[in-house]
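Each chain, written out:
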Amino acid sequence: LWASTSGVLIIVEPGTTQGWRIILQARDRLMAAGAVIAAPCPHDGPCPFAPPDWCRFTCRVARSKLHRLLKNGDAPFEDERFIYLAASRFPAKRPPGRVIAAPDITPGKIRLHLCRNSGDTADSLITRRDGALFKRAKRLRRGDGFP
């Protein structure tokens, strides 16, 4: 696939540990072939996750009536987990960090779990005193870039 790509190659797998392992293998092979990892990784180092944790994202998908009946569910939506990789032939502008877990929002405080461009993960606490940064952090979801 990489040999036939002239711009960006995007690979999507289910958000399971097996899907994560596949993405990690593809990431290593693509980087060895000269690809620039544009997303989701904000760095070129090894993945900082270790089982039982892994990198994954969610997307809310509408359920049809048939889908609800087949799954015996009442909700008109389902949150699907996935993992992806975007590899580019061109330099990529990556964020300093990416939100890798649902933000923990409490009154006056937001705790973000970030994968950082230094190749590690860290928690970042943003408080109401941080003004505009706090307002921005309130709108963040898993997968968003963050300074």
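Residues numbered from 1 in each chain as written. Predicted model: local features only at pLDDT ≥ 70, side-chain atom pairs only at ≥ 80, totals over all residues. Heavy atoms only, no water.

### Here's the deal with the nonpolar core
Formally: Nonpolar cores are built from buried Ala, Val, Leu, Ile, Met, Phe, Trp, Tyr and Cys residues. Side-chain atoms within 4.5 Å join them into one set. Burial classes: relative accessible area under 20% of the type maximum marks a residue as buried, over 50% as exposed, and values in between as partly exposed (1.4 Å probe, protein chains only). A run of DSSP states H or I qualifies as a helix once it reaches four residues; a run of E qualifies as a strand once it reaches two. Both are numbered from the N-terminal end. By definition, residues are in contact when any of their heavy atoms lie within 4.5 Å.
One finds Trp 2, Ile 11, Leu 30, Cys 55, Leu 85 and Ala 87 to be the most contacted residues of the largest nonpolar core, which totals 22 residues. Where this core is concerned, the elements lending two or more residues are strand S1 (8-14), helix H1 (17-32), strand S2 (36-39) and strand S4 (77-88). It is S4 that provides the largest number of residues to this core, a total of five residues. Excluding residues within four positions of it along the chain, Cys 55 makes contact with Trp 20, Phe 49 and Ile 83. Among the nonpolar cores identified, the runner-up in size contains nine residues, and Val 99, Ile 110, Leu 112 and Ile 126 belong to it.

### Considerations on the pattern of salt bridges
For clarity, the threshold we go by: Should a side-chain nitrogen of Lys or Arg be within 4 Å of a carboxyl oxygen of Asp or Glu, the pair is scored as a salt bridge.
Counted by the stated rule, this structure contains five salt bridges. Residue Arg 60 is joined to Asp 79 by a salt bridge in which the shortest nitrogen-to-oxygen separation is 2.8 Å. With Arg 60 in strand S3 (residues 57-62) and Asp 79 in strand S4, the pair connects residues that are 19 residues apart, well separated along the chain. Asp 120 is the partner of Arg 116 in a salt bridge, and the nearest nitrogen-oxygen pair spans 2.6 Å. Arg 116 sits in the partly exposed class, given a relative accessible area of 32%. Counted as one network, the salt bridges with shared partners bring together Arg 63, Lys 71 and Glu 78.

### Some thoughts on the packing of aromatic side chains
Here is the rule: Any pair of Phe, Tyr and Trp rings, taking the six-membered ring for Trp, is counted once the centres come within 6.5 Å. Such a pair is stacked with planes under 30 degrees apart, edge-to-face with planes over 60 apart, and tilted for the rest.
Under the defined criterion, the tally for this structure stands at three aromatic pairs. For the ring pair Phe 57 and Phe 82, a centre distance of 6.1 Å and an interplane angle of 45° mean the geometry is tilted. You can see Phe 57 sitting in strand S3 and its partner Phe 82 sitting in strand S4, a full 25 residues away along the chain. On the basis of relative accessible area, Phe 82 is assigned to the partly exposed category, the value being 23%. A ring pair is formed by Phe 82 and Tyr 84, whose centres lie 6.2 Å apart and whose planes are at 40°; its orientation type is tilted.

### Here we look at unusual backbone geometry
In this chain, Ala 39 is followed by Pro 40 through a cis amide linkage whose omega measures 0°. Within the secondary structure layout, Pro 40 lies in the loop between S2 and S3. Residue Asn 72 is not a glycine yet carries a positive backbone phi of 55°. Inspection of the secondary structure assignment puts Asn 72 in the loop between helix H2 (65-71) and S4.

### Digging into H1
Cut-off, in case you're wondering: One fewer than the residue count of a helix, multiplied by 1.5 Å, yields its expected span. For this quantity, the arc is that covered by the directions from the helix axis to the C-beta atoms.
A rise of 1.5 Å per residue sets the reference length of H1, with its 16 residues, at 22 Å; its end C-alpha atoms lie 23 Å apart and thus fit the reference within 8%. All buried positions along H1 are accounted for by Gly 19, Trp 20, Ile 23, Ala 26, Arg 27 and Leu 30. Along the long axis of H1, the arc covered by the buried residues comes to 125°, so they all point the same way. Projecting away from the buried face of H1 at angles above 90 degrees are the exposed residues Gln 25, Arg 29 and Ala 32. Buried-residue contacts for H1 involve S1, S2 and S4.

So far we have only geometry, and geometry alone does not tell us how the molecule works.
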